[in-house]
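Notes for the structure review
Read off the chains here:
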Amino acid sequence: MCSQLFSATIVIVIISYFCYCVYNTETHEYKECAISEYRDIKQPSSIDGNRLISEKINGSDLLPPFVRFREFFLVAPKYNLATCIIEKVMSTFRNAMFCYLNRKFLFEKHVHGLNNVSWEHELCNYKRNYRKSSLKDALISLGSQPVIFAVIRNPLDRFLSGFVDKCMIEQRPNKCFGCERDLKCFLVELKELLFSYQADPNNKTLSDDDIYYMHHFAPMSWYIYKQPSWTSEV
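- Under an unreviewed UniProt entry, the name given to the protein is Sulfotransferase domain-containing protein, and the source organism is Ancylostoma ceylanicum.

This is the structure:
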C-alpha cells in the first residue's frame, strides 16, 4: 500500500512539473491576437461601469455552477490512481501519462515522449479500457483506497486557450458556430448553447459540433460528479 501511495505521489509531482513546462512553452502570438480582439469589443464607459457596479446584478443572466454535464476519468489500476478529465486543462498530456502508466512497455517502444501523443493515437485512443465514463466505473477499476485528482486552470486562461485552439488554429468546417475569429459572436453563441443545455440536459437537438464545443468551454464545475452539500439543487 505504501509503495502504491508513493508511486501515486510521484506521478502527481511529475504532472505538476509538466503542467508548468507545457503551459510556459505555449505560443503567445495567438493569445495576444485573441486578447487584442477582445479589446476591440466596445467597452462600457466609466460612468456605465459605475452604474453596473452599483446596481444589483441579475443572477438569472449568469450560468449556474454544478450542472451535471460530463464525467470522464482516466484510471491506472496498478497504481490505484485516477484523474477527472476536463478539456483544455492538461487533458491531452494526462491522457499520454495514463497511457504510459497502463502500457509502459509498448509506450516506450512506439512513442517518443509524452508530448507526442494525441487523443487519436492508436496506442492511447478512446478504445482503450483505462477510460471510464463515470465515477462509479472508475472506482470499480481501483482498490479500496484510490487516489483521484483533478487539475484546475484559471477560467479566463482556459477560455483564451480554447478560443485560440478551436477558433483560430484548428481547421474545421463552420468552426466556432460559424463565428470564426469573432470573439463577441462566439461568446454570444456559446452562452446561448450553455443556457439551453442547463435548461434541458436531455435536449436531442444538440449537434455534434454543439457537444464538441461544450466539452471544451463548459464551466469546470459542470464536470463535478457530486454536488456539494452547501449548494441548492440545480
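**Some thoughts on the nonpolar core**
- Counting 55 residues, the largest nonpolar core has F159, F186, M214 and W222 as the members making the most contacts within it.
- Sequence-distant contacts of F186, that is, excluding residues within four places in its chain, are made with F159, F163, C167, C176, F177, C179 and F217.

**Observations concerning unusual backbone geometry**
- In this structure, F66 takes a positive phi of about 60 degrees despite not being glycine.
- Looking at the secondary structure, you find F66 in the loop between α3 (46-54) and β1 (73-76).
- You will see that E180, though not glycine, has its phi angle at about 55 degrees, which is positive.
- Its place among the elements puts E180 in the loop between α7 (155-169) and α8 (183-199).

**Regarding the sheet that holds strand β3 (residues 131-132)**
- Strand order in the open sheet formed by four strands is β3-β1-β2-β4, with mixed pairing between adjacent strands. Both edges of this open sheet fall to β3 and β4 (147-150), since each of them pairs with a single strand only.

**A few points about the environment of L123**
- Within the fold, L123 resides in the loop between α5 (104-110) and β3.
- Put simply, L123 and C99 are 24 residues apart on the chain and 7.6 Å apart in space, counted from C-alpha to C-alpha.

**A few points about the state of the cysteines**
- Taken as a whole and judged by the stated rule, the model has two disulfides.
- One disulfide bridge connects C167 with C176, the sulfur atoms lying 1.9 Å from each other. Around the S-S axis, the bridge from C167 to C176 shows a dihedral of about -95 degrees and counts as left-handed. The exposure classification of C167 matches that of C176, with both residues buried.

Cut-offs and rules
- Residue numbers here run from 1 along each chain, matching the order of that chain's written sequence.
- For this predicted model, a pLDDT threshold of at least 70 governs which residues receive local features, and a threshold of 80 or more governs which side-chain atom pairs are given and counted, while totals over whole chains, interfaces and linings are taken from all residues.
- As a rule here, side-chain values come from all non-hydrogen atoms in the structure, and water together with hydrogens is ignored.
- Remark: nonpolar core denotes a set of buried residues (Ala, Val, Leu, Ile, Met, Phe, Trp, Tyr, Cys) joined through side-chain atoms within 4.5 Å.
- To sort residues, take the accessible area from a 1.4 Å probe on protein chains only and compare it with the maximum for the residue type: under 20% means buried, over 50% means exposed, and anything in between is partly exposed.
- In what follows, a contact means two residues having at least one pair of non-hydrogen atoms within 4.5 Å.
- A helix here means a DSSP run of H or I that spans at least four residues, while a strand means a run of E at least two residues long, and both kinds are numbered starting from the N terminus.
- At least two bridges found by DSSP between two strands are what make those strands a pair.
- Put simply, a disulfide is two cysteine sulfurs that come within 2.5 Å.

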